[in-house]
Protein chains: 2
Amino acid sequence: MKQYYTTDAWSIIEEGFNPDMALSSESIFSLGNGRMGQRANFEEGYSGKTLLGNYVAGIYYPDKTRVGWWKNGYPEYFAKVLNAANWIGISPIVNDAPLDLAEAKVSDFRRELNMKEGTLHRSFIAEMKDGTKLRVDAKRFLSMTDDESAVIRYSVKSLNYTGDIKFRVSIDGDIINQDSNYDEKFWDEVAKEVGNDEAYLTLKTKKLDFQVCTAQKVAVTKNGSKHAFDSDKTEREKYVEHHLTVPMSQDDEVVIYKFVANISSENHPKDGLMKRAAEVLQHSVSKGFETMLEEQRKAWAKRWEMNDIEIKGDVAAQQGIRFNIFQLNQTYTGEDARLNIGPKGFTGEKYGGSTYWDTEAYCLPFYMLTAGKEVARNLLLYRYRHLPKAIENAEKLGFKDGAALYPMVTMNGEECHNEWEITFEEIHRNGAIAYAVYNYINHTGDEAYLKEGGLEVLLGISRFWSQRVHWSEEKKAFVMLGVTGPNEYENNVNNNWYTNYIAKWTLRYTLECLEKVKGDASFWNAFTAKTRFGGADETKRWEAIVADLHEPRMKDSKVYLQQDGFLDKDLRSAADLDPAERPINQHWSWDRILRSVFIKQADVLQGMYFFEDHFDEETLRDNFDFYEPKTVHESSLSPCVHSVLAAKLGKDEKALEMYLRTARLDLDDYNNEADEGLHITSMAGSWIALVEGFGGKRVVDGVLSLDPMLPKGWESYRFNMVYRGVVISVEVTRDEVKTASRSEGELELIIYGKPYTLGAMKTISVSR
Amino acid sequence: MKQYYTTDAWSIIEEGFNPDMALSSESIFSLGNGRMGQRANFEEGYSGKTLLGNYVAGIYYPDKTRVGWWKNGYPEYFAKVLNAANWIGISPIVNDAPLDLAEAKVSDFRRELNMKEGTLHRSFIAEMKDGTKLRVDAKRFLSMTDDESAVIRYSVKSLNYTGDIKFRVSIDGDIINQDSNYDEKFWDEVAKEVGNDEAYLTLKTKKLDFQVCTAQKVAVTKNGSKHAFDSDKTEREKYVEHHLTVPMSQDDEVVIYKFVANISSENHPKDGLMKRAAEVLQHSVSKGFETMLEEQRKAWAKRWEMNDIEIKGDVAAQQGIRFNIFQLNQTYTGEDARLNIGPKGFTGEKYGGSTYWDTEAYCLPFYMLTAGKEVARNLLLYRYRHLPKAIENAEKLGFKDGAALYPMVTMNGEECHNEWEITFEEIHRNGAIAYAVYNYINHTGDEAYLKEGGLEVLLGISRFWSQRVHWSEEKKAFVMLGVTGPNEYENNVNNNWYTNYIAKWTLRYTLECLEKVKGDASFWNAFTAKTRFGGADETKRWEAIVADLHEPRMKDSKVYLQQDGFLDKDLRSAADLDPAERPINQHWSWDRILRSVFIKQADVLQGMYFFEDHFDEETLRDNFDFYEPKTVHESSLSPCVHSVLAAKLGKDEKALEMYLRTARLDLDDYNNEADEGLHITSMAGSWIALVEGFGGKRVVDGVLSLDPMLPKGWESYRFNMVYRGVVISVEVTRDEVKTASRSEGELELIIYGKPYTLGAMKTISVSR
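Residues numbered from 1 in each chain as written. Chains lettered and ligands numbered in written order. Predicted model: local features only at pLDDT ≥ 70, side-chain atom pairs only at ≥ 80, totals over all residues.

### Things to note about the overall build of chain A
Logical step 1: The helix and strand tally for chain A stands at 19 helices and 30 strands.
Logical step 2: Relative to the compact-globule value of 27 Å for 768 residues, chain A shows a C-alpha radius of gyration of 27 Å, a close match.
Logical step 3: With respect to the principal axes defined by its C-alpha atoms, chain A has extents near 85 × 60 × 55 Å.
Logical step 4: Residues classed as buried in chain A amount to 54% of the 768 residues present.
Logical step 5: Taking contacts inside chain A between residues at least 6 apart in sequence as the whole, the part at least 24 apart equals 68%. (Helix = DSSP H or I, 4+ residues; strand = E, 2+ residues; numbered from the N terminus. Rg over C-alpha atoms; globule rule 2.2 N^0.38 Å. Buried ≥ 20, exposed ≤ 12 C-beta atoms within 10 Å, placed from the backbone. Contact = placed C-beta atoms within 7 Å.)

### A word on the sheet that holds strand S4 (residues 54-64) of chain A
All names here are of chain A.
Logical step 1: Strand order in the open sheet formed by 4 strands is S2-S3-S4-S5, with antiparallel pairing between adjacent strands. The sheet is open, and its two borders are formed by strand S2 (31-32) and strand S5 (77-83), each paired with just one other strand.
Logical step 2: Strand direction decides the pairing type here: S4 and S5, joined by 6 bridges, are antiparallel. Opposite Tyr-55, over in S5, you have Asn-83 as the bridge partner. (Pairing = 2+ DSSP bridges.)

### Describing the interface of chain A and chain B
Logical step 1: Taken residue by residue, the interface counts 38 residues in chain A and 39 residues in chain B.
Logical step 2: Elements that contribute at least two residues to the side of chain A that touches chain B include exactly strand S21 (470-472) and helix H14 (590-595) of chain A.
Logical step 3: Among the elements that line the side of chain A that touches chain B, the one with the most residues is H14(A), at 5 residues.
Logical step 4: For the side of chain A that touches chain B, the residue count by class is 11 nonpolar, 13 polar and 14 charged. (Nonpolar A, V, L, I, M, F, W, Y, C, P; charged D, E, K, R; others polar.)

### Considerations on the sheet that holds strand S28 (residues 747-751) of chain A
All names here are of chain A.
Logical step 1: Reading across the sheet, the 4 strands line up as S23-S24-S28-S29 and stay open at both edges, with mixed pairing between neighbours. Only two strands of the sheet have a single neighbouring strand rather than two, namely strand S23 (698-700) and strand S29 (754-758). For this sheet the average axis-to-axis angle between neighbouring strands, irrespective of direction, equals 35°.
Logical step 2: Looking at chain direction, strand S24 (residues 703-706) and S28 are connected through 3 bridges and run parallel. The partner of Leu-704 across the bridge, within S28, is Leu-749. (Axes fitted to C-alpha atoms, helices over the stretch in contact; angles between N-to-C directions.)

### Observations concerning the relation of the copies chain A and chain B
Logical step 1: Screw-axis analysis of chain A against chain B gives a translation of 0.0 Å along the axis, an RMSD of 0.1 Å, and a rotation angle of 180°. Such a turn and shift between the copies fits a two-fold axis. Residue A:Val67 of chain A places its C-alpha closer to the rotation axis than any other residue of that unit, at 2.4 Å.
Logical step 2: A shared interface surface links the copies, since 100% of the contact residues of chain A are contact residues in chain B too. (Least-squares fit on C-alpha atoms with pLDDT ≥ 70 in both.)

### Examining unusual backbone geometry
Trans is the common state for peptide bonds, and a negative phi is the common state for residues other than glycine.
Logical step 1: The omega angle of the peptide bond from A:Arg582 to A:Pro583 is -5°, so this bond is cis rather than trans.
Logical step 2: Within the secondary structure layout, A:Pro583 lies in the loop between helix H13 (536-548) and H14.
Logical step 3: Positive phi is not limited to glycine here, since B:Asp669 has a value of about 45°.
Logical step 4: Mapped onto the secondary structure, B:Asp669 falls in the loop between helix H18 (652-663) and helix H19 (680-694).

### Points about the packing of helix H10 (residues 448-468) of chain A against helix H11 (residues 497-517) of chain A
Residues and elements named next belong to chain A.
Logical step 1: Where H10 meets H11, the closest approach of the two axes is 9 Å, and the angle between their N-to-C directions is 140°. Taken together, the axes of H10 and H11 lie oblique to each other. As H10 runs across H11, the sense of the crossing is left-handed. Touching Leu-450, Lys-451, Leu-455, Leu-458, Leu-459, Ile-461, Ser-462, Trp-465 and Ser-466 of H10 are Ala-503, Thr-506, Leu-507, Tyr-509, Thr-510, Cys-513, Lys-516 and Val-517, all from H11.
Logical step 2: For the contact of H10 with H11, a count of residues per class yields 11 nonpolar, 4 polar and 2 charged. (Parallel < 35°, antiparallel > 145°, perpendicular 65-115°, else oblique. Left-handed = near helix turned anticlockwise from the far one by under 90°.)

### So, the environment of A:Gly565
Logical step 1: Position of A:Gly565 among the secondary structure elements: in the loop between H13 and H14.
Logical step 2: Through-space distance from the C-alpha of A:Gly565 to that of A:Thr119 is 52 Å; in sequence the pair is 446 residues apart.
Logical step 3: Non-local contacts of A:Gly565, meaning those with residues more than four positions away in its chain, are made with B:Asn494, B:Asp564 and B:Gly565.

### Remarks on helix H16 (residues 617-627) of chain A
Residue and element names in this part refer to chain A.
Logical step 1: For H16, the set of buried residues is Asn-623, Phe-624, Phe-626 and Tyr-627. Projected onto a plane normal to the axis of H16, the buried residues spread over an arc of 165° and lie on a single side. Opposite the buried face of H16, by more than 90 degrees, sit the exposed residues Glu-617, Glu-618 and Asp-625. (Arc of directions from axis to C-beta.)

### Some points on the confidence of the model for chain A
As a general rule, the predicted coordinates of low-pLDDT regions are not to be interpreted in detail.
Logical step 1: Averaged over all residues, the pLDDT of chain A is 95; the fraction at 70 or higher stands at 99%.
Logical step 2: Quick note on the complex model: pTM equals 0.94, ipTM equals 0.92. (pLDDT = per-residue confidence, 0-100.)

### Concerning the nonpolar core
Logical step 1: Ranked by internal contacts, the top residues of the largest apolar core, which has 437 residues, are A:Ala277, A:Ala404, A:Leu405, B:Ala277, B:Ala404 and B:Leu405.
Logical step 2: Aside from chain neighbours lying at most four places away, what touches A:Ala404 is A:Leu387, A:Ala390, A:Ile391, A:Ala394, A:Gly460, A:Ile461, A:Arg463 and A:Phe464. (Core = buried A, V, L, I, M, F, W, Y, C linked by C-beta atoms within 7 Å.)

### Let's talk about the pairing of strand S18 (residues 239-248) of chain B
Residue and element names in this part refer to chain B.
Logical step 1: For strand S12 (residues 163-172) and S18, the ladder comprises 10 bridges, and the chain directions are antiparallel. From the neighbouring strand, Gly-163 faces S18, where its bridge partner is Met-248.
Logical step 2: By the bridge criterion, 5 bridges tie strand S17 (residues 232-236) to S18 in an arrangement that is antiparallel. Across the sheet, residue Arg-236 finds its bridge partner in S18, namely Tyr-239.

### Here we look at the environment of B:Asp537
Logical step 1: Position of B:Asp537 among the secondary structure elements: in helix H13 (residues 536-548).
Logical step 2: Put simply, B:Asp537 and B:Ile171 are 366 residues apart on the chain and 62 Å apart in space, counted from C-alpha to C-alpha.

### Section: the packing of helix H6 (residues 373-385) of chain B against helix H9 (residues 428-444) of chain B
Residue and element names in this part refer to chain B.
Logical step 1: Look at H6 against H9: their axes get within 11 Å of each other, and the N-to-C directions meet at 155°. Classified by the interaxial angle, the pair formed by H6 and H9 is roughly antiparallel. With respect to the hand of their crossing, H6 and H9 are arranged in left-handed fashion. Residues Lys-373, Ala-376, Leu-380 and Arg-383 of H6 form the contact with H9, whose participating residues are Ile-433, Ala-436, Val-437, Tyr-440 and Thr-444.
Logical step 2: Along the lines of polarity and charge, the residues of the contact of H6 with H9 split into 6 nonpolar, 1 polar and 2 charged.

Below, the structure is given as structure tokens:
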């Protein structure tokens, strides 16, 4: 754990120029607005270590899979999030030498990600090789108001130089993807146009022909006054540039305003991209930088009003949770049901920008309870729309009769990952997708969703489970062989308890849901016809499986076994590991990891988290005490679950430790991988750790309850939540829990086990 | 099973031109002489489906590995056998159109692989598009006498054409490797030279800089008389060619003699390759085609004298075994201890031409008992020389103190395969390498080999096993988790019985061997110093493991379980499978295969085969009856083991079925993959099936015994063997077993359980 950035309640701040941290900082200071996003690359370019990252939502490339030996059933492609045209380029050139922080002497370097207003601000003094000293001050943001629009204010002040400074203001579409399987470039040029202060570059992706028009409009001031210019234009394949010259004297300051539009064929007809870009640019310019900035502040203020979590008494914890909430909002706004949340969001290429089970298992609660029901519903509909492809995917693997296996990794509903142990075996994702339907209805009461897609999804998944298990004569039980559970430090195990449990639960829940809706004859007839549902003939086997699906368990104990044979392992504790060998995934060979007892992420405990109300406290405690010491948390998705359970079990210290580990995972780079991008989906886990862990928020049978604790050293914390239409704010101090309603309408809820009715716009105070 | 080739005792014959079989036939009709080899590509080229294959022993390329997600410990490269310069090119051109069987009307096509004399003969009539009819008769061989030398006699007779025929006689080094990971070409040109009738092309491989000079010398006759010619020469990058023109009238016959040399830097200094090539060519030309052919016949006759197995009454069985013996001799002659036996020999690219455990488990007995002790010793020394790299490999995976893990796949001692479930987990190969030491000493009595390398190898392997197991409190036994056994239709299983058993055996055998040699103080001191052997401190744990290593077993039964939990599977029989879904590896997804009960190749039964004398007959029978029905034999290495056990258990029909499946695996293309090349290493299994299965040959505690049966429908069979310096010939007829000595020296042996002494040059007849 490295505490590198300045601790601050509302900002991430880097003081001093540190090339060793360049890649990590590019990730940390990333910007996004749900429609596009960007790593914190330097406007002026950088010849040191850098990973250029400019992403446009929904745009990907189906790269050829790269495998050693092909295995039947492998997907044809591996989807890559595509690095798109680099539109930030503003490069000052003095005496033919471009400014490059890898070459210059840099002082007074400061970088601030202002989360309150949603801007990135960077300033420094650079002494170039010829002695020229410039002070640079650059501020940029991706507009939350106009989500196709971005703007940069790039100021250069001469500290000792008199003469011309040239500026290259560019859009560069000739970019590479680090994660390309075969070093291919993925974009071709469609069109370009360059005027005196405007430039347009339209590119299309290979194979799938996504098109993006990226455009810039440039304005310049010198010492505060508008500076007219005649620009030279450079055009080459996939590249456009304005080239301006500004005469400077010492202490002169020139400011380049660069207004940018990124227009995607996902949202506009291809033949109208440039026209739309011109409109967006015009709109931005007419507002001007300051107005846009003001709008940005307001847009973020509005988001924070609902989203913010305030922590008093622990600035690091405060900064962590705000950073997580900020990044989640930058990644996904919930307005477009075609989009989803990639594990790295817009901050890196790894994991291909695709959708994983993270969405259902971790992200849904955050968006559902802060952005509201419609956003959560969009996340569910995303999977409903992919159901035909999930059925096709299952068929490819030998299943039939409408069984659905959702992909582990997807862009468009098709599986696009290519490790057999994940693609074919990590089938527990199907369970999380079923659980999300339950979780959504439990929180929102929106049972209508069952008829609008939910039940079809549940049926497809139940059919899959039903075919995936078989009767074992040996065990006199149904068994599920050859799976990989959430703990990916095991592969191809038998009877992973978590997977078996969620399969059993899915079947039971689907049976209940079928009962609920079958009275609606017109729905029922359409549903059974469409899905060829076999009624009791089909569900008889489900009932048998619910009754007799094997759950491995330790003898004379309440501990469920992660899988058959787990106790044969060398039962060591992570505390015994040599710190120099951690994270083990960076030090141990894969076979050694596989046969070791060490657990990458919550597995049995993931099940205890989802289904906490199915187990008595002793069971929860015994399982936690057995598994927590063996867990190395080398998945970002692990600590949050442990934090919630620890809080539940009164293990306050462990709960806080795990909370900090999830909330500051990237800021403090626990797993030594922030350089590749941020762990966006696990950031929702931080929110869960706080709200469900510390806040003890639960919803059982549709009833909201709170059971808050206050972590040691904290003065108080406050979070907001929208529950069944009522916006509440929960503040936990040393002495009391104040639950305030900001809405019309009453809300029944339970605090510390006692029922209350929260009146409209009222506050309830309960002593702790 | 397709019976496509004409059944013949000494030849493989194809009658009629069948483009659908082109790839398979290229494999089947392959030629080799241990030093080089070649698929049966057409001299004149072919625009239809073809896989060019020309291989020079020992030459490979360390291609970049191709994996999805890199796992710690993966090898850096994947070794590829390299397709080398294509030296067979002789292309007749009529009116500017080259002869191409994909374009011409072909009749009277006949191809014969004459195994008695080691030649490939092909003849056909081609009617070209312009109506020209030619009769072509081509014969070629790779000399067993001069192993750097090959020759082609290519005759063209005009059936209706009068005019010039041009001939392109070429060496083409601009070849591709089908199995290239990144479509790279692997050869660069070093030098070339073309004279009137001679041409030289020297190429070097990228990265490792192997060099090969390929040279040709051309002679021509017309209607039986020498035809002088002035050739045009074509040279381009990596290509040399003579271009001759011969005026023809109807019924004229022109014969091109192409003498070829392939000279490798593995055997000669790089700066002397061309000189050596010129010598080899000169030597060949001075002998002439007919003399070389006569030598070839004699060389093969000499081999057959020792190797041949004669079967009367079943021509298909006869053809099968001769084809296997022929290919084994073409692949490896045992003269060069740097070489080994790749699974496809010189017949294809798949499996990279590398060395697998096949050598020790399958090939060693054949070479040891037909080619003799020195050849077998060379195969053992190959691994001894790789011991330091095996220790390095184990270190890479976290082992220490001299533990050795031999690679699953290797060219030079380094691991060069890149599937974790094979590379990291298929560690049973270590057991086969230890077993080979035992097997060699048991057969040859050469205990001196222990001191000359054998014991060091055993120690390294024992150290590995000792570290690889751990004590399970749950089982109160040592366990070995996370392995893949010989049955590759399972991955990452616990306590694979075969692996555990061979590990236990290795430790016990190593302990015995240490006892045997420790009296030799000078050896012992050097050995313990070199290996830092810890004596009793080290072997105490071994003894504990031997006493308590878990062997999974069916309750109240003699059946050992392939692995923990095996009985949880759906216990179906291969006979229940839909024939349309076989082989399952071409129809089922990988996850389905993994969780199914179906066994790719002998696993528990492999152990029963190696250690048959450790088990009573009931145990053998119960295990055979349990596993055989579940085995789909989709590895070529499987049926032979089943055949031996079936014969032992009196299951004569099954023994014959399995024998035919192994002996005619490629000829009848059981697994639908002969197009990729032949299953060379499993051909040694055919020999085992016959000699150990039908012949009932065993060696227990150094004593040879025979227990022959005669398969149904066979009149008799006869095989030869060299045992402890005595060459014997065993003939089994309906009525008797005749064992004849061809050597000086007496031999004690057991026939049908009774001891005999076979006198020098004497025959023993025993009634059946």
